[in-house]
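# Descriptive structure summary
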Amino acid sequence: MNAVEIESIHKTFPGHWGKGGVYAVKGVSLSIPQGGVYGLIGPNGSGKSTIMKALVGLLSPDDGQCRVFGKPATAASNRREIGFLPENPYFYKFLTGEETVRFYGRLCGLRGKELAERTRELLELVGLTEAAHRRLGGYSKGMLQRVGLAQALVQRPSLLVLDEPTAGVDPIGSRAIRDIILNLKEQGMTVFLCSHLLEQVQEICDRVGILYRGVMIAEGSMEELTRDNSRTELVLRNPSEELLAQLRELAGDAFVSLAPARNSLESVFLRGIQAKLKEKEEQRQS
């Protein structure tokens, strides 16, 4: 059974002054196996956040369905199964990092020794042990995002949903958050995230979906999306000039692999957008 099943969901929001409507998502489908990490990428307004909110039960699609571990996304029993970090989380700035995690722990029913131990464990996981007693008003954006990760994990969810977890975070903080997600991946947690940082998505995710104007224009594994069958790479380990001249025939033990060359995820993303824009222009002219 997959952790997440999204089947042909549609969502429209009212236009200005109640006139017309704006399609946020048009027939998007995707699935995430248990223990998988899925990345959703696309420009602002492409429908990423709408899909995530539908998955965690914050809004209902007009058509189609979202299921989490075989149950409808709106099922009350999913509340303990899903940890969610929205794009712009709000925290009480007068609380310390430790008090914040304890607050969310109590909301999830933790008490006493169990709550204290879970709070200590999460602050260590997100690298905030030394800042545990500092007020959030003095935290950087990256530190606040890591507190957000801690609160999303407090009830030990089976699925972690992250909406732009590194938005506005400097490269160092972004790398720290990436390492935390990789750690969770190694522990077998299912993660669904969206991000503008394509290189980060490429490092973390098993599968990626590319959204544009509410439509899934490309979807697949990193292997499938970045493969370039028109070129081939020959990889050698510490080759001499003579070995390079003679290429594979004389490579011997220095030969490492022969495999299709890879495009960056960014180039795949931009190529998909450009193709969609060209298609739209051709339709307009016809």
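The text that follows walks through the structure, step by step, so that each part is easy to find.

Cut-offs applied
Residues numbered from 1 in each chain as written. Predicted model: local features only at pLDDT ≥ 70, side-chain atom pairs only at ≥ 80, totals over all residues. Heavy atoms only, no water. Helix = DSSP H or I, 4+ residues; strand = E, 2+ residues; numbered from the N terminus. Buried < 20%, exposed > 50% of the residue type's maximum accessible area, 1.4 Å probe, protein only. Contact = heavy atoms within 4.5 Å. Areas by Shrake-Rupley, 256 points an atom, 1.4 Å probe, with all protein chains shown as cover. Lys, Arg positive; Asp, Glu negative; His and termini not counted. Charge placed at Lys NZ, Arg CZ, Asp CG, Glu CD. Core = buried A, V, L, I, M, F, W, Y, C linked by side-chain atoms within 4.5 Å. Pairing = 2+ DSSP bridges. Axes fitted to C-alpha atoms, helices over the stretch in contact; angles between N-to-C directions. Salt bridge = Lys/Arg side-chain N within 4 Å of Asp/Glu carboxyl O. Phe/Tyr/Trp six-rings, centres within 6.5 Å; stacked < 30°, edge-to-face > 60°. Arc of directions from axis to C-beta.

### Observations regarding the overall build of the chain
When its secondary structure is counted, the chain shows nine helices and 12 strands. The principal-axis extent of the C-alpha atoms belonging to the chain is close to 70 × 55 × 40 Å. Counting all 286 residues of the chain, 43% fall into the buried class. For the chain, restricting intrachain contacts to residue pairs at least 6 apart in sequence, the fraction spanning at least 24 positions comes to 67%. Just so you have it, the chain exposes about 15,200 Å², and 50% of that area is on carbon and sulfur atoms. A gap of 8 Å separates the mean positions of the 36 positive and 34 negative side-chain charges of the chain.

### Brief notes about the nonpolar core
Of all hydrophobic cores here, the largest spans 46 residues; its most connected members are Leu160, Leu193 and Val208. The element that contributes the greatest number of residues to this core is helix 4 (residues 141–153), accounting for seven residues. Counting 29 residues, the second largest nonpolar core, distinct from the first, contains Leu55, Val68, Ala73 and Ile82.

### Re the sheet that holds strand 10 (residues 215–221)
Read from one edge of the open sheet, six strands run 6-7-8-3-9-10, paired in mixed fashion. Both outer strands of the open sheet, strand 6 (82–85) and strand 10, are each paired with one neighbouring strand and no more. The average undirected angle you get between the axes of adjacent strands in this sheet is 15 degrees. Direction of pairing for strand 3 (residues 37–41) relative to strand 9 (residues 207–212): parallel, over a ladder of four bridges. For Ile41, the partnering residue across the bridge sits in strand 9 and is Ile210. In the packing of helix 4 onto the sheet, contacts are made with strand 6 and strand 7 (159–163), and the angle to strand 6 comes to roughly 160 degrees.

### Topic: the sheet that holds strand 5 (residues 71–72)
Pairing in this open sheet of four strands is antiparallel, and the strands run 2-1-4-5 from one edge to the other. Both edges of this open sheet fall to strand 2 (21–33) and strand 5, since each of them pairs with a single strand only. In terms of strand pairing, strand 1 (residues 2–14) meets strand 2 through 10 bridges, oriented antiparallel. Opposite Pro14, over in strand 2, you have Gly21 as the bridge partner. Taken strand by strand, helix 1 (residues 48–55) contacts strand 1, strand 2 and strand 4 (63–68), and its axis lies near 120 degrees from that of strand 1.

### Here's the deal with the environment of Pro171
Residue position: Pro171 is located in helix 5 (residues 171–186). Taking the C-alpha atoms as reference points, Pro171 and Leu277, 106 residues apart in sequence, are found 31 Å from one another.

### Looking at the side chain of Thr96
For Thr96, the position within the fold is in the loop between strand 6 and helix 2 (97–107). Each residue touching Thr96, except ones within four places of it in the same chain, is listed here: Ala132, His133, Arg134, Arg135 and Leu136.

### Points about the side chain of Asn78
Turning to its location among the elements, Asn78 is positioned in the loop between strand 5 and strand 6. In this structure Asn78 touches Val68, Lys71, Pro72 and Ala73, once residues within four positions along its chain are discounted.

### Description of the pattern of salt bridges
Using the criterion set out here, one finds 12 salt bridges in the structure. Close ionic contact of Arg178 with Asp179 constitutes a salt bridge, the shortest N to O distance being 2.4 Å. Residue classification places Arg178 among the buried positions, given a relative accessible area of 13%. The class of Asp179 is partly exposed, set by a relative accessible area of 35%. We note a salt bridge from Asp206 to Lys185, for which the minimum N-O separation is 3.1 Å.

### Regarding the packing of aromatic side chains
Here the structure, examined in full by the defined rule, presents six aromatic pairs. Centroid distance Tyr90 to Tyr92: 6.0 Å. Interplanar angle 85 degrees. Geometry classified as edge-to-face. The class of Tyr90 is exposed, set by a relative accessible area of 62%. Using a relative accessible area of 40% as the deciding quantity, one classes Tyr92 as partly exposed. Ring centres of Tyr92 and Phe103 lie 6.1 Å apart, and the angle between their planes is 80 degrees; on these two criteria the pair is classed as edge-to-face. Of the two residues, Tyr92 is situated in the loop between strand 6 and helix 2 and Phe103 in helix 2; the sequence distance between them amounts to 11 residues. Every member of this aromatic cluster is reached through a ring pair, and the members are Tyr90, Phe91, Tyr92, Phe94, Phe103 and Tyr104.

### What about helix 2?
One turn of the α-helix equals 3.6 residues, which is why residues spaced by three or four share an orientation. The complete set of buried residues in helix 2 reads Gly97, Thr100, Val101 and Gly105. Buried residues in helix 2, looked at end-on, bunch into an arc of 135 degrees, giving them a common side. On its buried face, helix 2 sits against helix 3 (112–125) and helix 4. Positive backbone phi, at 95 degrees, marks Gly109, one or two positions downstream of helix 2.

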